[in-house]
Amino acid sequence: MSNGIIVDDKVVMKALMSLSIRQMNKAYKNGMKEALKPLLNQTRTNLRKSGIQGVSRPYVSKKTGKTYKSMMQGIKSTIHNVGNTQDDMYGNVHIMGEFRLKWFEMGTKLRKPNRGKKQGGAIKPYRFFEKAKKSTAEMIVSSLDNRLKTAILKAWESK
């Protein structure tokens, strides 16, 4: 496995040997998904507490009437499988599921009026995602090994 994580539990190794490649990958994905949940939940909590209004409501465009997801639905977790082995998998949590989240995370520059139109203003950066990453990074890395073990044993027991 990657990142220096070593599974040396004999029961887990026995369970891992009895699983097929497909079941191993599924167990590994489930373990990674469980390990990323604290970051996902902390990001959502920080977004709610940031003071941005309407984070749970969908956005309806005034021009086109199109309905977009709520900002809470824009925070997503994905597991990517690059190859066939577990070393080629990785997971991430991102805020690009909804277009407004980038502006609230990073902020915007001051816009200047253009030919007399009513424009202007800036969005201050809230950094809700960056704060969540800093607060949960160590916990995710330390819990990944245990989450993988429990996912493998759960897949073995269900078999």
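Throughout what follows, the structure given in this document is the object of discussion. Remember, it's a predicted structure, so these values are computed and weren't measured experimentally.

What counts, and where the lines are drawn
Residues numbered from 1 in each chain as written. Predicted model: local features only at pLDDT ≥ 70, side-chain atom pairs only at ≥ 80, totals over all residues. Heavy atoms only, no water. Salt bridge = Lys/Arg side-chain N within 4 Å of Asp/Glu carboxyl O. Helix = DSSP H or I, 4+ residues; strand = E, 2+ residues; numbered from the N terminus. Buried < 20%, exposed > 50% of the residue type's maximum accessible area, 1.4 Å probe, protein only. Patch = residues over 30% accessible without salt bridge, like charges linked within 9 Å, V, L, I, M, F, W, Y side chains within 5 Å. Areas by Shrake-Rupley, 256 points an atom, 1.4 Å probe, with all protein chains shown as cover. Axes fitted to C-alpha atoms, helices over the stretch in contact; angles between N-to-C directions. Parallel < 35°, antiparallel > 145°, perpendicular 65-115°, else oblique. Left-handed = near helix turned anticlockwise from the far one by under 90°. Contact = heavy atoms within 4.5 Å. Nonpolar A, V, L, I, M, F, W, Y, C, P; charged D, E, K, R; others polar. Expected span 1.5 Å × (residues − 1). Bend = angle between axes of the 7 residues up to and from the residue. Phe/Tyr/Trp six-rings, centres within 6.5 Å; stacked < 30°, edge-to-face > 60°.

**Quick word on the pattern of salt bridges**
Under the counting rule described, the total for this entry stands at five salt bridges. For the salt bridge of Arg147 with Glu34, the shortest nitrogen-to-oxygen distance reads 3.7 Å. Of the two residues, Arg147 sits in helix α4 (residues 128–158) while Glu34 sits in helix α2 (residues 21–49), which places them 113 residues apart along the sequence. A relative accessible area of 29% means that Arg147 is categorised as partly exposed. Arg100 serves as the salt-bridge partner of Glu98, at 3.1 Å between the closest nitrogen and oxygen. Residue class for Glu98 comes out buried when judged on its relative accessible area of 2%. On the basis of relative accessibility, which here comes to 12%, the residue Arg100 falls in the buried class.

**A short note on a nonpolar patch on the surface**
Together, Tyr59, Phe99 and Trp103 line one region of the surface with nonpolar side chains, adding up to about 280 Å² of accessible area. Judged by relative accessible area, Phe99 falls into the partly exposed class, the value being 35%.

**Here's the deal with the packing of helix α1 (residues 10–18) against α4**
Close contact between α1 and α4 brings their axes to 9 Å; oriented N to C, the two are set at 50°. By the angle between their axes, α1 is oblique relative to α4. In this structure, α1 crosses over α4, and the sense of that crossing is left-handed. Every residue of α4 that contacts α1 at Val11, Val12, Lys14, Ala15, Leu16 and Ser18 is listed here: Lys149, Ile152, Leu153 and Trp156. The residue makeup of the contact of α1 with α4, split by class, is seven nonpolar, one polar and two charged.

**Structural notes on α2**
The end-to-end C-alpha separation of α2 is 42 Å, in line with the 42 Å expected for 29 residues at 1.5 Å each. Leu36 marks the point of greatest bend in α2, at about 35°, and the proline Pro38 comes within the next four residues. In the segment just after α2, Gly51 is the residue with positive phi, at about 100°.

**Comments concerning the packing of aromatic side chains**
Enumeration over the complete set of coordinates arrives at five aromatic pairs. Seen in terms of ring centroids, Tyr59 and Tyr68 are 5.9 Å apart; in terms of plane orientation they differ by 25°. Their pairing is stacked. Taking 6.2 Å as the distance between ring centres and 65° as the angle between the ring planes, the aromatic pair formed by Tyr59 and Phe99 counts as edge-to-face. Highlighted residues: Tyr59 in strand β1 (residues 59–60) and Phe99 in the loop between β4 (89–94) and α3 (100–106), separated in sequence by 40 residues. Aromatic rings pair up to connect Tyr59, Tyr68, Phe99 and Trp103 into one cluster.

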